[in-house]
Amino acid sequence: MKNLNAKAVLIVAITILQMSTFATYAQYFGRNKPGYKKFKFEVVRSPHFEIHHYLKNDTMINYFTGWAEEWYTMHQRIFKDTFRIKNPIILYSHHADFQQTNAISSIISEGTGGVTESLKQRVIMPFAPTLYQTDHVLGHELVHAFQYNKLLHNDSVNYSINNLPLWMVEGMAEYLSIGSVDPNTSMWMRDAILNKKFPTIDDLANPSEYFPYRYGQALWAFIGKTWGDTIIMPLFEQTALLGLDAAIDSVFHFNTKTLSGMWVSATENHYKQFMKDSTYTLAGNKIIGAKNGSSTNVCPSLSPDGKYLAFFSDKSIFALDLFLADARTGKIIKKLSTVTRNSEIDDFSFIESGGTWSPDSKKFAFVVYSEGRNKLAIVDIDKKETALVEIKEVPAFSNPEWSPDGRYVVFTGLNEGIGDLYLYDFETKQTRKLTHDLFSNIHPSWSPDGRYIVYSTEAICTDQSKKYCFNLTLLNVETGESRIIDVFPKADNLNPRFSPDNRFIYFLSDADGFRNLYKYDLQSDKVYRLTEYLTGISGITLFSPAISTDRANGLIAYTHYFNTKYEIYTANDRDFNPVEVDKYAVNFDAGTLPVLKHLSINIVDSALCNRFPAIALPVDSLEELPYRPKLKLDYISNSVGVGISTGPSFNRTDMAGSVYMLFSDMIGDHQLYTTLSLNGEIYDFGGQVAYVNQSNKMKWGASVSHIPYRSGSMFWTIDTLQIEKEEFIADDLVLDYIRMFEDNVSAFMYYPFSQTRRVEGGISASWYSYRIDRYHNYFDALGYPIGGSREKLPSPPGIDFQTAYVAYVTDNSYFGMTAPLVGQRSRYQIERYFGNINLFNILLDYRRYYFSKPVGFAFRLYHNGLYGSTSEIEKASPMYLGYPWLVRGYEDISIYGGTSGTAGYNSFNVSNLAGSRIAVINAELRFPFSGPKVLAPIKSNIFLTDFNLFFDGGLAWNKGDKIAMKWQTSDFNERIPVFSAGASFRINLFGYLVIEPYYAIPFQNGGFSNGMFGINFVPGW
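Every value quoted in this text rests on a predicted model; they were computed, and no experiment measured them.

Enquirer: Which parts of the structure should I look at to understand the sheet that holds strand β10 (residues 332-337)?
Expert: Picture the strands of a sheet paired through backbone hydrogen bonds; they go either parallel or antiparallel. On the basis of which strands lie adjacent, the open sheet formed by four strands has the order β7-β8-β9-β10 and antiparallel pairing. The two strands at the open ends of the sheet, each matched to only one other strand, are β7 (297-302) and β10. Pairs of neighbouring strands in the sheet enclose a mean axial angle of 25°, with direction left out of account.

Enquirer: Help me understand unusual backbone geometry in this model?
Expert: Backbone geometry follows two general trends: most residues other than glycine have a negative phi, and most peptide bonds adopt the trans configuration. Cis geometry is adopted by the peptide bond preceding Val-595, which originates at Pro-594 and carries an omega value of 5°. Locating Val-595 in the fold gives a position in the loop between β32 (579-581) and α11 (604-609). The peptide bond linking Lys-853 to Pro-854 adopts the cis configuration, its omega dihedral lying at 15°. For Pro-854, the location among the structural elements is in the loop between β45 (839-852) and β46 (855-867). We note that Gln-121 has phi near 60°; this positive angle belongs to a residue other than glycine. Secondary-structure assignment places Gln-121 in the loop between β4 (115-116) and β5 (123-126). Phi at Thr-564 is positive, roughly 65°, even though this residue is not glycine.

Enquirer: Is there a simple way to explain the sheet that holds strand β17 (residues 408-415) in this structure?
Expert: Taken together, the four strands give an open sheet; going across it, the order is β16-β17-β18-β19, and neighbouring strands pair in antiparallel fashion. Of all the strands in the sheet, just β16 (396-402) and β19 (431-433) have a single pairing partner and so form its edges. Adjacent strand axes in the sheet meet at a mean angle of 30° when their direction is disregarded. Bridge count for β17 against strand β18 (residues 418-425) is eight bridges, and the pairing is antiparallel. By the bridge assignment, Phe-411 is partnered in β18 with Tyr-422.

Enquirer: I keep staring at a negative patch on the surface and nothing clicks. Help me out?
Expert: On the surface, Asp-202, Asp-203, Asp-245 and Asp-249 cluster together into a negatively charged patch. Positionally, Asp-203 belongs in the loop between α6 (183-194) and α7 (212-227). In this structure Asp-203 comes out as partly exposed when scored by relative accessible area, which is 31%.

Enquirer: Mind showing me how you'd approach the packing of aromatic side chains here?
Expert: Pairs of aromatic rings are described using the distance from one ring centre to the other and the angle between the two planes. Taken as a whole, this structure holds 73 aromatic pairs when the rule is applied. Their ring planes at 65° and their centres at 5.4 Å tell us that Tyr-751 and Phe-753 sit as a pair that is edge-to-face. The class for Tyr-751 is partly exposed, based on a relative accessible area of 28%. Overall, Phe-753 belongs to the partly exposed group, its relative accessible area being 29%. Three or more aromatic residues joined by ring pairs make a cluster, and in this case those are Tyr-308, Phe-312, Phe-348, Phe-350, Trp-357, Phe-364 and Phe-366.

Enquirer: Honestly, the pattern of salt bridges in this entry has me stumped. Any pointers?
Expert: Close approach of charged atoms allows side chains with opposite charge to pair. One pass over the structure, following the stated rule, counts 45 salt bridges. Lys-467 serves as the salt-bridge partner of Glu-70, at 3.6 Å between the closest nitrogen and oxygen. Here Glu-70, found in helix α2 (residues 58-79), pairs with Lys-467, found in the loop between β21 (452-460) and β22 (468-476); they are 397 residues apart in sequence, far enough to count as distant. A residue is classified by how much of its surface remains accessible, and Glu-70, at 8% relative accessible area, is buried. For Asp-811, the salt bridge is made with Arg-825, and the minimal N-O distance between the two is 2.9 Å. Within this pair, whereas Asp-811 is found in strand β42 (residues 799-811), its partner Arg-825 is found in strand β44 (residues 820-835), the two being separated by 14 residues in sequence. Each of the two residues, Asp-811 as well as Arg-825, counts as buried. Connected via shared salt-bridge partners are Asp-684, Arg-710, Arg-739, Arg-771, Asp-773 and Arg-790.

The rules behind these values
- Residues numbered from 1 in each chain as written.
- Predicted model: local features only at pLDDT ≥ 70, side-chain atom pairs only at ≥ 80, totals over all residues.
- Heavy atoms only, no water.
- Pairing = 2+ DSSP bridges.
- Helix = DSSP H or I, 4+ residues; strand = E, 2+ residues; numbered from the N terminus.
- Axes fitted to C-alpha atoms, helices over the stretch in contact; angles between N-to-C directions.
- Patch = residues over 30% accessible without salt bridge, like charges linked within 9 Å, V, L, I, M, F, W, Y side chains within 5 Å.
- Areas by Shrake-Rupley, 256 points an atom, 1.4 Å probe, with all protein chains shown as cover.
- Salt bridge = Lys/Arg side-chain N within 4 Å of Asp/Glu carboxyl O.
- Lys, Arg positive; Asp, Glu negative; His and termini not counted.
- Charge placed at Lys NZ, Arg CZ, Asp CG, Glu CD.
- Buried < 20%, exposed > 50% of the residue type's maximum accessible area, 1.4 Å probe, protein only.
- Phe/Tyr/Trp six-rings, centres within 6.5 Å; stacked < 30°, edge-to-face > 60°.

Okay, here's the thing in structure tokens:
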């Protein structure tokens, strides 16, 4: 072949351009991470930290800086290490702002309190609703900062993070930031013992079964209190160096099984002394459990008339949705709200915030995340219509409570790191601040007469391993006066609720080391314990609302934690057995992780018990600076190789290597990606530079690239050689190297409206040039090489064209094991080509997923087509319908379309699979086969598979073709649709790749007689 076909080269160029455009601009589907606000960061430098923030409250920044330095001093006693440079902390005002951070690319869920990443060792976190939580998250994340500093910045020891089990990493962070006195983690341990599910150390390798934070904390507490906290770092370092089993053997001089047995025995002996009655009766009736709900049913809220119960549950498996049930029978009436049905809502606030009913029991209000802030969602339970109320003065709030007269809602508002009570007036749309102190005020509840609000207020807790505790406080709404209800000092007294007659206040407390329900008599000043449960009444966290009362019948709903499940019970006051208790008696022994007393060096609990109420750093130790973005290297990878190719007449040195570098500024608003590669000769050098700006709601970027593409062909011919003026006939092995060079300049943008909707677009200009090198290798009649030569052949003229596209994309789907199972996806895109080719490309792709255990149903409608003049369309490569990710079963074409076994008019017309326009319809029944037990009949944490029954159909055509909607046709000029059906088995290969072996029956290509097996490497649409 002496020269290239120009049209073929143009087709290849267009295909490559389409691929590179797709890769550069954005993912085809996927949720967004919106940036609703532009944050103006400043920097405060302390002795060991650089704190990036945008808060205006200097007092809170100074407090926060002091807390960070205090944690640094405490953790340093364990790690015996220092930061070489000031450790960066990126601080956000509240969780909705934190969800918009660009410092990490993944979407941040409602349950993520903070993150420490390894590239820059940044701690990224928001202020939490309480100082208690902010302080704990800061202490927890700074443990991770010390861990990274120890493992990644050590030049003398080759540590491996992969050797560290998750329980060791997260459990250490919990133990060093909470200590061993923790009624919440103790509740988990007691539950495991009661249900004979307490794990061995080897069992902890399964984090989905044994939560690494809780069990890791318990194990570290046992190790630290038994052998002394000085053993923590030797065990941690040896594990990073050798692996867990070898480290245990090296440090303790016995094996993992022995240590595990000691831990199990100590835990059982410790807690059984507080659980003498291993069987007990729960007050009232279980109305929401695993049978009618799920394993997680939280935030119960009784309607004022006592008829309904609203609660959050993962009954739908993929997310916690809001459900409505009969408060007496537990019958699920309806699903009130779900994120998948409302594109304006990014997420529900369900972990530590409950909902509230209107006084007429017709509407239910709860907190959601929307447009970068919290909003009050009010759903009409009859119409299921949801209205969003934006409270402009308070961007973050939780636990709303409707007033008895229906005019107001009281809630905890978080502003500049301080959690106070606010009152919102539905009539005037105005907000009034009710409390004015540094410490947080949470879980407000109205008295039935509307005169008082009872809530939990934060206080400094001295001589305890926790710095903060919570007292009950009563506020007179009219006068603004408040008084502390003096019960259980230094305990966490939370979730107070009035009785219908205004006399009693029900509340939860861990005063006895458990989590039980109490009631306080406002008249007699006495306290009664209503429950004595061996696990506890609790939501997902300590601060999750777990009790609710009505205003008509004295009904109480509570969440009971047992056998790793959160189940909801309802009971009347008379169903409990009240026992008067000393309102000053507090004993945390049952809430202490074993062993009870330290047997060796006590560093962690001792430090936690001797913390200062406030940290005042010297003024000259702080430095305030404006934030200036500077790009710094985050990551680099490279590989280099050199090879020599030897032929009869020439030697070629080929080089192969690549360098990839990622640069970004500290807060992640600016990112720079560079790639340099060489694979072959110097002509095969390629590179790309891309810049992304994420500082505004509209993200944008640009890239410049030079990419070589190489192909080749080889053939034999006979040639005449002239050697020393004599001519010889020789065999010539001709090798043609064909190179195409693409130079591209692109710009792109995407504008997310929410996590599930976005507009994206881009422009691109590409120039293509070519080089053809021919190598001659001559051989004599016996096959011996006798010489060779190299020549440069004429190349076809270069081409150039430009594209511009815009697309609207939605995606609220939830992924199962191998493919989406719930929600919908859609992409509507139009693209314009200019230059050597002028046409439009229109893409329509809609997908919908339904799941009702044990089966899911999915369908897709898809169209991709080129539009323009016929002459322009003919320049482009046709689209092909027979790929297995479109219509399965048409990879192996049979010319025998009928049953006669001979070619003829009934033969399958392969033209039906190609055209400038295609339309596809797919439908599948998806059966989760193996995976998590909540989804699949065969439980497995490693082998994730689906079994599927599918029906595929498609039509390919060109402009002007005759289309006939027929099953078969004998007219080769007619375009008919093709269909197939079959079964497939999708396999998720450890999250890296999903493959789909399948068997398909192509109805227009031989039908049942031509069924075929195949493998799809782009499955799970």
